[in-house]
Every structure is written in C-alpha cells, then in structure tokens.
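Now for the letters of each chain:
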Amino acid sequence: MAYEISEYYKKHKGEAQWQDGEYTCTRTTMWSGPGCHNGCGVVYYTKNGKVEKIEGDPYNPFNLGKLCMRCINYVEAADSNDRLKWPLKRVGERGENKWERISWDEAYDIIVEKVNGIKKDYGPESIVCMEGTGRNVIWQVPYLCYAAFGSPNFTLGFLSGESCSMPRLVTEAVTEGEFTFGDYSAHFPDRYENPNWKLPEVILLWGQNAIISNPDSSLGHWIVECMKRGSKLIVVDPMLTWLAAKADIWLRVRPGTDAALAMAMNDVIIKEDLYDHAFVEKWCHGFDDFAERVATMPPERAAEICWIPKDTIVEAARLYGKAERGAGTWGVSVDMAQCGISAAQAINALWAICGNLDKPGGQSIIRYAFDQGLAYDYGIEILPPEVTAKRIGMDLPLKQFGFGATAHSDTLLKVIEAGGVPYPIKMFWFQSTNPIANMGAEAPRLYKAIKTADFNVVVDMFMTPTAVAFADLVLPCAMSSERWSQRNWWMPTASIRKVASYYEAKSDEQLILELGKRFSPELFPWKDDKEWIDWIISDQTSKMGMTFDELCDVVCQYEDFEYYKYEKGMLRPDGKPGFNTPTGKVELKLSLFEAWGLDPLPWYQEPPESPYSTPELHKKYPLVLTTGHRSWEFFHSEHRQLKLNREFHPDPMIKMNPETAAKFGVKEGDWVWVENYRGRFKQKVKYEMLHPGVVNAEHGWWFPEKEAAEPSLYGVFDSNCNNLTTMCQNGPTGYGAPYKNQLCTVYKVTEENSKIMPTEQVTRLGGFNYVQK
C-alpha cells in the first residue's frame, strides 16, 4: 500500500481490539448515524463505556484511514446532552413540545394498541412507514412495515419522484439488467495495487461533488487518487466545485438539462465514429434507433438548452470517446429532473457505446457482495398478494412490474389530500427521516398532509421539527458506536461493533425486533439484535462463510471480483454469455419501456418551470434555482446541533454569481429572501462561479437553538428551500422530480419585509396560499 502508516498502527495490524493504557481501542466500521452513505473504517478509543476519540483505520481498504469532518467530530454528537435519552409520550397538543418520559414497555404497549386498532378499523395499508437516506438503515424499517404492521406502504420521507438513486438504478436495471460503478479499484482489498485493475484514462463525474458528498458507498478521495496517478477529469456541474476547478473540462450545465447534454455527447461520439464498434455490434440492442434519436440533439441545439458552448460539449465528448478506459460517477442531480430517467438512460449509453462496461478502469458491473440483497423489499413476500397490490402507486408501470420496492410518495400525498381515496392514511412511522426539514418537496404542503394522521411515531437521535410537529411518541435511537449491525452496499460486507451506550437509546434493529415480537413473534424469532444480524450473515450471506463475530474480528470482507462478466455467462440466470435483459444485450432502445407504452429512447423536455417552458413566469422569477448540494459539515438535515460544525458553517447560504448579486442589489453576506409563487425562504449570499442566471440554495436547514414549540418549530420553514419546490411533477414513469430546477427571484431581507416569518406563515396562518398547478 502506497500510504504511510504510523508505527503505532503497524504494531496493531490485524487486531480487532487492543488496550492502550486506560483506553480500549476497537477497529470497526462507522456506518453512522448521524447519517452518511458510507461505511468507513474507524478505530474507537473508549473509556468507561464512552467513545472519547475516533481515528480513521489506515488498514481499512475502503477509506484507507481518511475521515470526513462529521466522523472526526463524532464524539461531540455521541456525547451531546441534547440527544433523546428515553421514550417520550406527547402530553400537550401536537406542536406544543410537551412530553412525559415513559418506559420502552409502555411505548410498545401504546404502539400495539394503536396499530391493531387502525388495522381493525381501516386495514393495515392505512399505516405508512418512512425512512430517510444514510445511516445503516435500509432493510430494517421495511421489515417492520411488512412483517409487524402488515402494511405494503413503506416509502422514503415524501421524496418526490423517488428522485435519489432510484431513477438511475431503475434505468440500469432495464438497460443492462445490472448496476454499474466507476472503477476506482474499490472491488479489491489491495486497491490500487491490484494487478487486475487499470487506471481510468478519463473520469466523467456527472452531477456530483464527490469529495464532499461521498455518496452511494463511494469516496471522492478515490477520484482524487486516480487524478494524482494521471486520470483526466470531465465534470458536469452548475457550480465550480474543487473538482470542477481541477478538471480538464468543466461543463457548467443549466440545472435540469442533463438529458440534452448527454444526448448531444452521444451524438458527437457516434457521428465522429468514436464508439466501440465491436462492443456495439455484439452486445448492444437498438443502436440505429438510438443514433437516430440522439441525432435530434446535436451539440448546437444542446448548447442553447444547456447554456454550455458547443465547442466545449464537443471537446468533452471527444475526450471521453477517445479514451481507452472511461470511468463514470453520477449523482442525484441526474434524478432530480422530470426527465431524470431519460438523462440516466443517455449517460448510461455513453458508458456502453464506448465499450467501457465491466472493463478494468471502466464502468464495473457490480452486485452486492456475497449476493446479500437486503433492501427496501426485505420481507415483502410475507404479505398476501392482495395486500401487496394495495401499495400506493402500483398503477405506475415500473412498480407494476417490480421495478421499485417502495410506495410512491407523490401518489401518497394525493391520496391524503383527496380525503383518503382509495383508503385513509391513519398512521406514520418516521425512522431516521425528517421530511419537512429535508427530504420532502413542497414542505408546507406536507405539513398540512401529515397533520391529518391519527397517530405518528418518530424514531431519531435528536428531537426534530418533524417530531415536535407530528409525533405522539418519540423513541431514542442509538448511534453507530452503540449498535451491533452489518451493511452490504456493493463491496465489501462490513460489520458494526457495539462499544458504547447512551441512556436508554436502542439500535434500529433492537427496537424493531422487540416491537416486532409483540405483533408476529414467529417472524421475529431471534433472541436479540446480535442474533438477528448473525442469522442474516449466515442465511443471506452464506457464501461468505463467516459468523457475525468472525466478521466483526476482520471488520469487513471482500468477495472475489471479476471483469467482463457478460462474456463469461455470469450475469444471466441461464448461465449463457450476455446481459440479463429481454434481448440479452445492453438495451440502447428499451424493450421493456416499449412493451409498457413508454418512449424506449432518450428524450429531452424542458423543466416544468423554466426560462423557455414558462417565459411569463420567468419574467417574474428570472433566476433558475437549484438546491440540495452537500456541505462538509452536515448530512442533509443532521448535525445542526453540533457546535463545531456550526462554527464552520453557521448560516444557510445561497450561492450566486457576483454579477447576479449586483443586479439584484445585494452583496456577499447579505440575507436575502428567495421567492417564487409557492412561497419564500431566507439565506445568506455567498459568491460562487455560477451562471449569472442560476442560484444555488442549501437544503436541510433548521435551527435547534430556536424554540421547539410552534409557531417557531425550530424555524424549520424560515430557510427551507423546499418552500419553493413541488411535489407531483414526475416523469411518465413516476420517477424524477424537479428539485433542482425551479424559478425564483431574490431580494434583500429588511425589518419591514420580515414581520411574518415563513414558519409562522405555515404553522399559524395557513401557509402561503398559492394555487397548486
């Protein structure tokens, strides 16, 4: 390994635990919470049952000792006196923040009584379970929903259009029948030294600020390492990020136009004969129709749509098309447009027609290590077919045919607003999600909708705006160092070892298991959370040949990885060479979409509100608003309680070009109102090299230092960019939503125009009273 490892850690190489004076040192994985997408290797230094220090484990192949700020400051989070310590029962009205301490048994008794009552009176489908992103929670809450409550309605925190990974994953599933991953050597425990791996000649980083966001079980450091070794870089991003500044080509795309850009790059590569003829002829389906379709988006047209010079688009296409090995990484920006599926289809085609699929240094076809696939559908088979058929959104084509294992959030909102048609929603279970602060679009609309439920439970680590506004019970959740667990997201399978505890907080697995036993003991037969995890390791990950204790001792385990699996018969159920699609090939023209009556080829459509689709609206709101980019200090709506993180990042910031700021009469550091016809919020101006017609607002902001009770509600709507976004504007598949491409205007905050703050407007004055379109 080409990294300098200290003598201290060399001395303890291979040890799972050791004693260092008064400290017990434990090597394990930090899968959060607080939240994150990754399982980084850490060493906990504990004393008297508390974590007092944390360091990156230099021997963990995933992160090679590197940690982000949030992980380094984990001790402040774990020790915070603001954490939830025991179960709480609401004693005042919702929103008053009045609670009484109860025992876990009392909490479970209340939940059992309420759930059984709702099931008897309305059916189990009237119960909705939600979780957020990050943390190691992915399969636990779905299992509670299906196995304990008997409801088919598990979904993601009112995430409009399921527009986080799901559009990309679904597109890959129908295109090549597999998932793909830029090859930065992450499949190998010896990483960059592995003899089978080759350095990508070029990396295409699309809509992702990788070194801050580190999403989907990947690390931005991997890209930086490849750059240091010689990889060229193309960055598609509206903002001049650090990576964009270091890139060979920066494509400053107008938010929401990624599909047009990807189609144009395909067009250039095909017309200039830069594609891999051998791969296309042998392994691709529908190439001629695909070429004809992308030819409708020549770079000249894309340049006008995307606000990128034509020559820059051509230059980027040539750089990627001529490379012997091209790796690609894409982010949530692809999903967050009405034509998110189409954008994913066109980007995916770039990888395919250039012959980069599953070659070293290209786009690896990746599966979960040891075939462990626990995800959102864990336990769904328990439900009778007639109950599963009641899942909200099952009329959408991809969900009808099994692509997408969640209820559809936008349809759920419509069901509530329609007064409960076809059936009422009576209960929400929120675990690791804070929808009105973060995940859900059109937050004020959600506030009204959730208030209609009869009974709500929130499981979290801190009191949140969602808990204060809606919860009848709040249950304290353990942090990463306080739980036994495991996680498998691509490679490797990683263990999480419990080394500490905090008052009465329980892990997600522990509380779900204890509660599940009260409903269906036969479906929750395990003695405790550790036995449940051990069963998962032995039953779902049997190829690994380890017990959970053994996995904890080695921390993580890699499966052997092979390239060119489609040539070796490793992808299709029948063992023949090819891809797991109806044609056995990579489908540039999607036969399943064709069969379902959907357009089988990439297409571009202007965002529903844009300078070109709604020119009159653009006159009033002349800026394109993009939202949701990540920061060093926070993971979505988390970490706002932490002194150190807030010291680095005290206020919400809206980025804009200095030219734009001057035009609107504001300057860096000014607080501005950001407004469209759906509402407004305020953030502080920060200069960035954005297009003058684009501004970029932060998401997830609430203020734990403010009064919890309504009408304050931690100021959750005051700086909330989701006052301006919208639900129920999805693409034809139900996937994709315009989180990142709205219109707005800005003006300076004054005392005169700030007499009524947005949170009071929403919680006490009925909202912004706009007409929904």
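As the structure is a prediction and not an experimental result, all values here were calculated from the model. (Residues numbered from 1 in each chain as written. Predicted model: local features only at pLDDT ≥ 70, side-chain atom pairs only at ≥ 80, totals over all residues. Heavy atoms only, no water.)

Draft legend 1. Molecular detail of the pairing of strand β28 (residues 742-748). Among the 7 residues that make up β28, 5 are buried, leaving the element largely enclosed by the rest of the structure. Inspection of the sheet shows strand β23 (residues 623-627) paired to β28 by 3 bridges, in the antiparallel sense. Across the sheet, the residue bridging to L623 is C744, located in β28. Pairing of strand β25 (residues 671-676) with β28 involves 4 bridges; the strand directions are antiparallel. Following the sheet pairing, V674 is matched in β28 by V746. (Buried < 20%, exposed > 50% of the residue type's maximum accessible area, 1.4 Å probe, protein only. Helix = DSSP H or I, 4+ residues; strand = E, 2+ residues; numbered from the N terminus. Pairing = 2+ DSSP bridges.)

Draft legend 2. Just the nonpolar core, in detail. With 173 residues, the main nonpolar core has I111, F149, F158, L243, F428, W429 and W532 as its most contacted residues. The next biggest cluster of nonpolar side chains, apart from the first, holds 63 residues, and it includes F287, A316, W330 and L357. (Core = buried A, V, L, I, M, F, W, Y, C linked by side-chain atoms within 4.5 Å.)

Draft legend 3. Spotlight on unusual backbone geometry. Cis geometry is adopted by the peptide bond preceding P422, which originates at V421 and carries an omega value of 10°. Relative to the assigned elements, P422 resides in the loop between α18 (409-417) and β16 (427-431). Of the consecutive residues M491 and P492, the connecting peptide bond is found in the cis state with omega at -5°. One non-glycine residue, N97, lies in positive phi territory at about 60°. Position of N97 among the secondary structure elements: in the loop between β5 (88-90) and β6 (99-101). Residue N97 is classed as partly exposed on the basis of its relative accessible area of 27%. In this structure, S217 is a non-glycine residue whose phi angle is positive, near 60°. Mapped onto the elements, S217 comes out in the loop between α7 (210-213) and α8 (220-229).

Draft legend 4. Quick peek at the sheet that holds strand β27 (residues 694-697). Sheet architecture is closed into a barrel: 6 strands sit in the order β23-β27-β24-β26-β25-β28, paired in mixed fashion. Recorded for the sheet is a direction-independent mean angle of 45° between the axes of neighbouring strands. (Axes fitted to C-alpha atoms, helices over the stretch in contact; angles between N-to-C directions.)

Draft legend 5. The pattern of salt bridges, seen in detail. Inspection of the entire model under this criterion finds 52 salt bridges. Close ionic contact of K228 with E225 constitutes a salt bridge, the shortest N to O distance being 3.6 Å. Here K228 and its partner E225 are both found in helix α8, 3 residues apart, which amounts to about one turn of the helix. For K228, a relative accessible area of 64% translates into the label exposed. Classification of E225 by relative accessible area gives buried; the value is 10%. Of the charged contacts, one joins K686 and E688 as a salt bridge, the two residues approaching to 3.3 Å between their closest N and O atoms. The network of salt bridges with shared partners includes E193, E225, K228 and R229. (Salt bridge = Lys/Arg side-chain N within 4 Å of Asp/Glu carboxyl O.)

Draft legend 6. Main features of the pairing of β25. Across 6 bridges, the pairing between β25 and strand β26 (residues 679-687) is antiparallel. Considered in β26, the bridge of N676 is made with G679. Hairpin connection between β25 and β26: a loop of 2 residues separates the two successive antiparallel strands.

Draft legend 7. Region of the structure containing empty space enclosed by the protein. By the definition in use, this model includes 10 cavities of 30 Å³ or more. Reported here for the largest cavity is a volume of approximately 480 Å³. Taken together, 32 residues line the largest cavity, and the ones lying closest to its centre are T133, N438, M439, H636 and S637. When its residues are assigned to classes, the lining of the largest cavity shows 12 nonpolar, 15 polar and 5 charged. (1 Å grid on protein atoms, 1.4 Å probe; cavity = no way out; pocket = protein on both sides within 12 Å on 5 of 7 lines; lining within 4 Å. Points joined across faces, edges and corners; volume = space filled by probe spheres on them. Nonpolar A, V, L, I, M, F, W, Y, C, P; charged D, E, K, R; others polar.)

Draft legend 8. How the structure looks around the environment of T583. Examined against the element boundaries, T583 turns out to sit in the loop between β21 (556-557) and β22 (586-587). Overall, the relative accessible area of 33% leaves T583 in the partly exposed class. Through-space distance from the C-alpha of T583 to that of G700 is 43 Å; in sequence the pair is 117 residues apart. Engagement of the side chain of T583 in a polar contact is seen with the side chain of E587, the distance being 2.8 Å. (Polar contact = N/O pair within 3.5 Å; in protein donor to acceptor, adjacent residues only side chain to side chain.)

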